[in-house]
Amino acid sequence: MSARLAELGLDLVAASRVEGRGAEWALARVAGRSRLAVAVPAGSRILDDLEGETQGSPAGAALVGPLSPRNAAGLRRHLEWLRPRPLGTRTSAGLGDRLGLATPGHVRAVRAVGGFAAIAPIFPQQSIREMTRTGRTPAEVMDDATWGMFAEGWTDGTGADADHLKTPDDIDACLAVGFSMFTIDPGEHVDPTADAADLATLRAQAAGLPWAALSDTEDAMRRRYLGRSTEVEHLKIAFDECTLLRAAVKYGKAVAHVAAMARHLRKAAGPRLVELEVSVDETETPTSPAEHFWVANELNRLEVEWVSLAPRFVGRFEKGVDYIGDLGALEKDVAAHAALARHFGPYKLSLHSGSDKFSVYPIAARLAKGLVHLKTAGTSYLEALRTAAAVSPAFFREVYAFARERYDTDKASYHVSAELRKAPPAEAVAEKDLPGLLEQFDAREILHVTFGSVLRATAPDGRLRFKDTLFGLLRANPEAYARNLEAHFVRHLKPFAQARS
Ligand SMILES: [Zn+2]
């Protein structure tokens, strides 16, 4: 028998109480702060991996400690459901969290649509770019999600997506703290000028491809593709010289880069189980079905294994707003990419910039037949602003005014089309209309892409201008934030969860 947690007289957070490895675990409220409370049976070594104040009794021992990196690692070590693992080809969703306080709301949204069996969640997920902008480390991203899952008593497991990795160092940094999914982004190696190039130009550029890195020659590639056609479900994929060279010139360097990153990952991971996603979504021009075919076929030849692929679809997937473009054309495009994913994998089709694409979800859910990963990143931050706006309209107005000032600079690395002149000036909005800015297209994108500047902004006295206040408001209103997140993400997850049942 362990020393029962209940006997310690602590104010325990009921939802967090779990048993594992013979011990009792929970969050406790001590003097207004969250603490980890653990009670272990006599003879247990678990407390060796944790830090805090301990007390012993003949029946066992107990610890009350901080929500520290060491204790988060201890939780993952002893409670295996908190340790990220590969999700394979089950329908999944990534719920990125830039602030580190959103996981409880994410957990509730997943539960509300049927839990892990309906849609497998990825709670820790962040791109290196976003970590840089928010000043967070991979370890912090992991720990924040660990505490969030623990607080809600989530025991069904999670993946962890190290998103948009560009270098082997990115892989190492995320592998070291327990990420299980590695999204390789070879976007810088994609050549979008190939789309408009004529045959003579393509021939000249093909000669300069990194053939050694591709373990290939141009002649050998021509023999593999030219004059052949393949039926992939409803598609017939055939390569004439122009189509072949265009695919090779556009994606050849990217394929070589992905193969090198995959080899690095395999070696660095050793016996650990990890999975890989290939993402070319952040490129200028769409990935044609023939190009998807070429990329998948070449990655196969180079013995890369991947669980999901994010093509660049037709139309525009802008941050935090619905799809912009012809839905009929998108439907045709998704049908083709989904067929190719079944043919070569099966692997999942990954929808990046997946927040708020409400008109796309039914199409993707139906055509991908469950082989789909939905990746959302930034709108948890917008729900944080919504939560803050409700309790402190003046604060939200200041954030919005600052975001408008920053937008023209900050939009550079995002696919957004909001225009400042279409977003109302902060001083022109009545207090009761402030939350409505989160629904206005231009204001929403402006708020979405300026998060890094908002979080880093300092006041003349050197203190953080917004960040501490925002965190203070969210910590003081955790239920409101979780409710807003749940409502927001249920709308994202439901179409995919339903498609499976
Ligand atoms: Zn992406």
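Note that this is a predicted model, so its numbers are computed, not measured.

Calculation rules
- Residues numbered from 1 in each chain as written.
- Predicted model: local features only at pLDDT ≥ 70, side-chain atom pairs only at ≥ 80, totals over all residues.
- Heavy atoms only, no water.
- 1 Å grid on protein atoms, 1.4 Å probe; cavity = no way out; pocket = protein on both sides within 12 Å on 5 of 7 lines; lining within 4 Å.
- Points joined across faces, edges and corners; volume = space filled by probe spheres on them.
- Nonpolar A, V, L, I, M, F, W, Y, C, P; charged D, E, K, R; others polar.
- Helix = DSSP H or I, 4+ residues; strand = E, 2+ residues; numbered from the N terminus.
- Donors = N, O, S within 2.8 Å, 3.2 Å for Na, K, Ca; no water.
- Buried < 20%, exposed > 50% of the residue type's maximum accessible area, 1.4 Å probe, protein only.
- Contact = heavy atoms within 4.5 Å.
- Core = buried A, V, L, I, M, F, W, Y, C linked by side-chain atoms within 4.5 Å.
- Salt bridge = Lys/Arg side-chain N within 4 Å of Asp/Glu carboxyl O.
- Polar contact = N/O pair within 3.5 Å; in protein donor to acceptor, adjacent residues only side chain to side chain.
- Axes fitted to C-alpha atoms, helices over the stretch in contact; angles between N-to-C directions.
- Parallel < 35°, antiparallel > 145°, perpendicular 65-115°, else oblique.
- Left-handed = near helix turned anticlockwise from the far one by under 90°.
- Pairing = 2+ DSSP bridges.

Visitor: Mind showing me how you'd approach the layout of surface pockets here?
Guide: Summary: where empty space remains is shown by rolling a probe the size of a single water molecule over the atoms. In this structure, the largest pocket spans a volume of roughly 1,200 Å³. Along the walls of the largest pocket sit 39 residues, with Ser34, Leu67, Gly100, Leu101 and Arg475 positioned nearest its centre. Tallied by class, the residues present in the lining of the largest pocket amount to 18 nonpolar, eight polar and 13 charged. Taken as a whole, the second largest pocket encloses approximately 350 Å³ of empty space. Contributing to the lining of the second largest pocket are 17 residues, with Arg266, Val274, Glu275, Leu276 and Glu305 lying nearest its centre. Within the residue set of the lining of the second largest pocket, elements represented by two or more residues are helix 8 (241–269) and strand 13 (275–279). Here the element with the most residues in the lining of the second largest pocket is helix 8; it accounts for four residues. Across the lining of the second largest pocket, the residue classes tally to ten nonpolar, two polar and five charged.

Visitor: What should I look at first to understand the coordination of the zinc ion in this one?
Guide: Surrounding the zinc ion are the protein donor atoms His164 (NE2), Asp281 (OD) and His352 (ND1), which sit 2.0 to 2.5 Å from the metal. Read in sequence order, the donor residues for the zinc ion give the motif H-x116-D-x70-H. With Asp281 in the loop between strand 13 and helix 9 (289–301) and His352 in the loop between strand 15 (348–351) and helix 11 (361–368), the pair connects residues that are 71 residues apart, well separated along the chain. For the pair formed by Asp281 and His352, the shared burial category is buried.

Visitor: What exactly am I supposed to notice about helix 7 (residues 218–225) here?
Guide: Quick reminder: α-helices carry 3.6 residues per turn. Residues three or four places apart thus point the same way. Taken together, the buried positions of helix 7 are occupied by Glu218, Ala220, Met221, Arg222 and Tyr225. Of the surrounding elements, those touching the buried residues of helix 7 are helix 6 (199–207), helix 8 and helix 9. Looking one or two residues beyond helix 7, the residue adopting positive phi is Gly227, at roughly 75 degrees.

Visitor: What should I look at first to understand the environment of Ile119 in this one?
Guide: Mapped onto the secondary structure, Ile119 falls in the loop between helix 2 (103–112) and strand 8 (120–127). The sequence separation of Ile119 and Glu383 amounts to 264 residues, and the corresponding C-alpha distance is 21 Å.

Visitor: Teacher, can you tell me more about the nonpolar core here?
Guide: Residues Trp25, Phe150, Phe182 and Trp294 are the most contacted members of the largest nonpolar core, which totals 159 residues. In terms of residue count, the dominant contributor to this core is helix 8 (15 residues). Once residues lying within four places of it in the same chain are set aside, the contact partners of Phe150 are Ser16, Val18, Trp25, Ala26, Leu27, Leu36, Leu75, Leu79 and Leu82. Leu5, Ala26, Ala28 and Ala37 belong to the second largest nonpolar core, which has six residues in total.

Visitor: How should the pattern of salt bridges be read in this particular structure?
Guide: Any two side chains of opposite charge can pair, given that their charged atoms come close. This model, assessed by the stated rule, comprises 36 salt bridges. Lys375 is the partner of Glu277 in a salt bridge, and the nearest nitrogen-oxygen pair spans 3.2 Å. Separated by 98 residues along the polypeptide, Glu277 in strand 13 and Lys375 in strand 16 (residues 372–376) bring together distant segments of the chain.

Visitor: Teacher, can you tell me more about the environment of Thr285 here?
Guide: Here Thr285 shows up in the loop between strand 13 and helix 9. Relative accessible area serves as the criterion here: at 18%, Thr285 is assigned to the buried category. The sequence separation of Thr285 and Arg312 amounts to 27 residues, and the corresponding C-alpha distance is 7.0 Å. Those residues in contact with Thr285 that sit more than four places away from it in its chain are Pro192, Asp195, Lys250 and Arg312. Engagement of the side chain of Thr285 in a polar contact is seen with the side chain of Asp195, the distance being 3.2 Å.

Visitor: Would you take a moment to explain empty space enclosed by the protein for this structure?
Guide: For the coordinates displayed, the defined rule picks out five cavities of 30 Å³ or more. As a volume, the largest cavity reaches approximately 150 Å³. Around the largest cavity, the lining is made up of 18 residues, and of these Glu130, Asp163, Lys319, Ser353 and Ala377 lie nearest the centre. Among the residues making up the lining of the largest cavity, the classes are represented as one nonpolar, ten polar and seven charged. The space that makes up the second largest cavity amounts to roughly 80 Å³. Secondary structure elements with two or more residues in the lining of the second largest cavity: helix 8 and helix 9. A total of four residues in the lining of the second largest cavity trace back to one element, the largest contributor, which is helix 8. Considering only residue class, the lining of the second largest cavity consists of eleven nonpolar, two polar and no charged.

Visitor: Where do I start with the packing of helix 9 against helix 10 (residues 327–344) in this structure?
Guide: The geometry of helix 9 relative to helix 10 is characterised by a closest axis approach of 10 Å and an angle of 20 degrees between their N-to-C directions. By the angle between their axes, helix 9 is roughly parallel relative to helix 10. In this structure, helix 9 crosses over helix 10, and the sense of that crossing is right-handed. Where helix 9 abuts helix 10, its residues Pro289, His292, Phe293, Ala296, Asn297 and Asn300 lie against Ala336, His337, Leu340, Ala341 and Phe344.

Visitor: Is there a simple way to explain the pairing of strand 12 (residues 235–238) in this structure?
Guide: Within a regular beta strand, the side chains point alternately toward one face of the sheet and then the other, so they alternate between its two faces. Because side chains alternate across strand 12, one face comprises the buried residues Leu235 and Ile237, and the other comprises Lys236 and Ala238, none of which is buried. The sheet contact formed by strand 11 (residues 229–232) and strand 12 spans four bridges and is antiparallel. The partner of Thr230 across the bridge, within strand 12, is Ile237.

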